[in-house]
Amino acid sequence: MKQSLIAALAAALLACGCTAERPTPDTPAATHSAEAANTDALSTLLDELAFSGTLLVSKGDDILLREAVNASPIADAVDVTPETRFPIASMTKSFTAALVLKLVDEGKLGLDQTLAELLPEFDVPYAGEVTLRQLLQNRSGIPHYIDIPGWFDNDVKRAFTDASFMEALEGLDLKFAPGSDYLYSNVNYYLLALIIDRYSGMDYETCLQTQILGPLGMTATGQLYRDTDGLAVNYLKNDDRTYEAIPVVNPVLFRGTASMVSTADDLNAWGHAVIDGEIYSDAAAAEAFNADTPMAWSVADLPVTDDQSVGVTYYNGRLIGYLSLIMLVPEENGVIVILNNNTAGYENMIGLAATLAAEHFGGEN
């Protein structure tokens, strides 16, 4: 069902107003906390979130906002710039889904093919029931990574090889009958990357580069397990409101599902390519942006004034302290990108995106 972001926005504004820790005026970070702010509302929100990251808003070829924000209360925090690269976590799934749908368009894959046909070496009892379509929709019933025994033990993650990780995935039991419900699962997209390896004629990384990154000039975008140059430091916020830098252990485990790194500029190019019809055929777009069963996107209505809403398509990612969000506003030819490296919180990312949308795509703009 098509979602409304009103509840999420209300929760975000409540959270930042009641629970966020504001930097005090004598905190070094507070002296440049409002660098990204065009309005008091945005400035207040960024300061209350102690936000560290980058913001970009564009309309067509016009860049309306492109700023780095360094409002973190961490005394020795490493500042970010508009060019800083961030892990985009589960936003990776949108790219993976686009590659799979391209292979469907080319007749190399069929949405109703099963895992038994596509990955016969994946030895699970449900292989003949789960389809490519269900993997893309997160409706396969295959559990999420958190169900892997020992998943939250870094030593367990560090020890996984490609082979032993596949064995761990094969040991997971379905949560429900395929197609009967929704369950967000990294396993679905890890398997989709393997399917791309097999049916595209090249590995996942090369396919991504030749089909999307290269043509769009996304030169700063790559994989966390291959290139970490210029990457923002990851500050995970603890329950006691202290922060610590936490490394991502064995990031290749997130291949195809949460492994990409990028910049606000590159993601802006991606967003406009999606809006302009450069990524999805009509048939693929009908599948990817189906409001009831989307594929690595969410479709919603976002209020921008008291009496006006706009249709948005968005997706987010979270990996330890990193958060990412891209929001497309097709009727305005607009793109909003928010990248964060100090655990701002998903609801607050939505709140920021809503604030930016209201400022730049509201009725009077």
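Just so it is clear, the model here is predicted, and its values are computed rather than measured.

A. View of the packing of aromatic side chains. Within the structure shown, the criterion is met by 10 aromatic pairs. An angle of 85 degrees between the planes, with centres 5.1 Å apart, marks the rings of phenylalanine 165 and tyrosine 190 as edge-to-face. Of this pair, phenylalanine 165 sits in helix α7 (residues 162-170) while tyrosine 190 sits in helix α8 (residues 186-199), and the two are 25 residues apart along the sequence. The residues phenylalanine 165 and tyrosine 190 share a single accessibility class, namely buried.

B. Geometry of a negative patch on the surface. A contiguous patch of negative charge on the surface is contributed by Asp61, Asp62, Asp276 and Glu278. With respect to the helices and strands, aspartate 61 occurs in the loop between β2 (52-59) and β3 (62-70).

C. Expanded view of the pattern of salt bridges. This model, assessed by the stated rule, comprises 12 salt bridges. Between aspartate 227 and arginine 85 there is a salt bridge whose closest N-O contact spans 3.3 Å. Taken as a pair, aspartate 227 in the loop between β5 (222-223) and β6 (235-237) and arginine 85 in the loop between β3 and β4 (86-87) lie far apart in primary sequence, 142 residues in all. The residue arginine 198 makes a salt bridge to glutamate 121 at a minimum N-O spacing of 3.0 Å. Linking arginine 198 in helix α8 with glutamate 121 in the loop between α4 (115-118) and α5 (132-137), this pair joins segments that are 77 residues apart in sequence.

D. The arrangement of the packing of helix α3 (residues 92-105) against α8 in detail. At a closest axis distance of 10 Å, the pairing of α3 and α8 adopts a crossing angle of 40 degrees. Here α3 lies oblique to α8, going by the angle between them. In this structure, α3 crosses over α8, and the sense of that crossing is left-handed. Between α3 and α8, the contacting residues are Lys93, Thr96, Ala97, Leu99, Val100 and Leu103 on the first element and Asn186, Tyr189, Leu192, Ala193, Ile196 and Tyr199 on the second. Of the residues that constitute the contact of α3 with α8, the class distribution is nine nonpolar, two polar and one charged.

E. A look at helix α2 (residues 40-48). Taken together, the buried positions of α2 are occupied by Leu42, Ser43, Leu45, Leu46, Asp47 and Glu48. Trailing α2 by a residue or two, alanine 50 shows a phi angle of about 50 degrees, which is positive.

F. A look at the layout of surface pockets. Approximately 1100 Å³ is the volume found for the largest pocket. Every residue lining the largest pocket is counted, 40 residues in all, and those nearest its centre are Ser90, His144, Tyr184, Asn186 and Arg318. Secondary-structure elements contributing two or more residues to the lining of the largest pocket are α5, α6 (154-159), β9 (298-305), β10 (308-319) and α12 (346-361). For the lining of the largest pocket, the leading source of residues is β10, giving six residues.

G. Region of the structure containing the pairing of β9. Within β9, six of the eight residues are buried, which leaves the element mostly enclosed by the surrounding structure. Summarising the sheet, β9 and β10 pair through seven bridges and their orientation is antiparallel. Within the sheet, the bridge partner assigned to aspartate 301 lies in β10 and is glycine 311. Taking the residues between adjacent antiparallel strands as the criterion, β9 and β10 are bridged by two residues.

H. How the structure looks around the side chain of asparagine 250. Tracing the backbone shows asparagine 250 in the loop between β7 (243-245) and β8 (260-262). Engagement of the side chain of asparagine 250 in a polar contact is seen with the backbone oxygen of lysine 157, the distance being 2.8 Å. The residues touching asparagine 250, leaving out its near neighbours within four places in the chain, are Lys157, Arg158 and Phe160.

I. Quick look at the environment of valine 124. Mapped onto the fold, valine 124 is located in the loop between α4 and α5. With relative accessibility at 8%, the residue valine 124 sits in the buried group.

J. Structural context of the sheet that holds β8. Spatially, β4-β8-β5 is the arrangement adopted by the three strands of the open sheet, whose pairing is antiparallel. Only two strands of the sheet have a single neighbouring strand rather than two, namely β4 and β5. Note that β4 and β8 share two bridges and pair antiparallel. Bridged to phenylalanine 86 within β8 is serine 262.

K. Structural view of the confidence of the model for the protein chain. Within the protein chain, residue pLDDT values average 89, and 88% of them lie at 70 or more. When the criterion is pLDDT under 50, residues 8-38 qualifies, and its contacts beyond four places in sequence or with other chains add up to 62 contacts.

The rules behind these values
- Residues numbered from 1 in each chain as written.
- Predicted model: local features only at pLDDT ≥ 70, side-chain atom pairs only at ≥ 80, totals over all residues.
- Heavy atoms only, no water.
- Phe/Tyr/Trp six-rings, centres within 6.5 Å; stacked < 30°, edge-to-face > 60°.
- Helix = DSSP H or I, 4+ residues; strand = E, 2+ residues; numbered from the N terminus.
- Buried < 20%, exposed > 50% of the residue type's maximum accessible area, 1.4 Å probe, protein only.
- Patch = residues over 30% accessible without salt bridge, like charges linked within 9 Å, V, L, I, M, F, W, Y side chains within 5 Å.
- Areas by Shrake-Rupley, 256 points an atom, 1.4 Å probe, with all protein chains shown as cover.
- Salt bridge = Lys/Arg side-chain N within 4 Å of Asp/Glu carboxyl O.
- Lys, Arg positive; Asp, Glu negative; His and termini not counted.
- Charge placed at Lys NZ, Arg CZ, Asp CG, Glu CD.
- Axes fitted to C-alpha atoms, helices over the stretch in contact; angles between N-to-C directions.
- Parallel < 35°, antiparallel > 145°, perpendicular 65-115°, else oblique.
- Left-handed = near helix turned anticlockwise from the far one by under 90°.
- Contact = heavy atoms within 4.5 Å.
- Nonpolar A, V, L, I, M, F, W, Y, C, P; charged D, E, K, R; others polar.
- 1 Å grid on protein atoms, 1.4 Å probe; cavity = no way out; pocket = protein on both sides within 12 Å on 5 of 7 lines; lining within 4 Å.
- Points joined across faces, edges and corners; volume = space filled by probe spheres on them.
- Pairing = 2+ DSSP bridges.
- Polar contact = N/O pair within 3.5 Å; in protein donor to acceptor, adjacent residues only side chain to side chain.
- pLDDT = per-residue confidence, 0-100.

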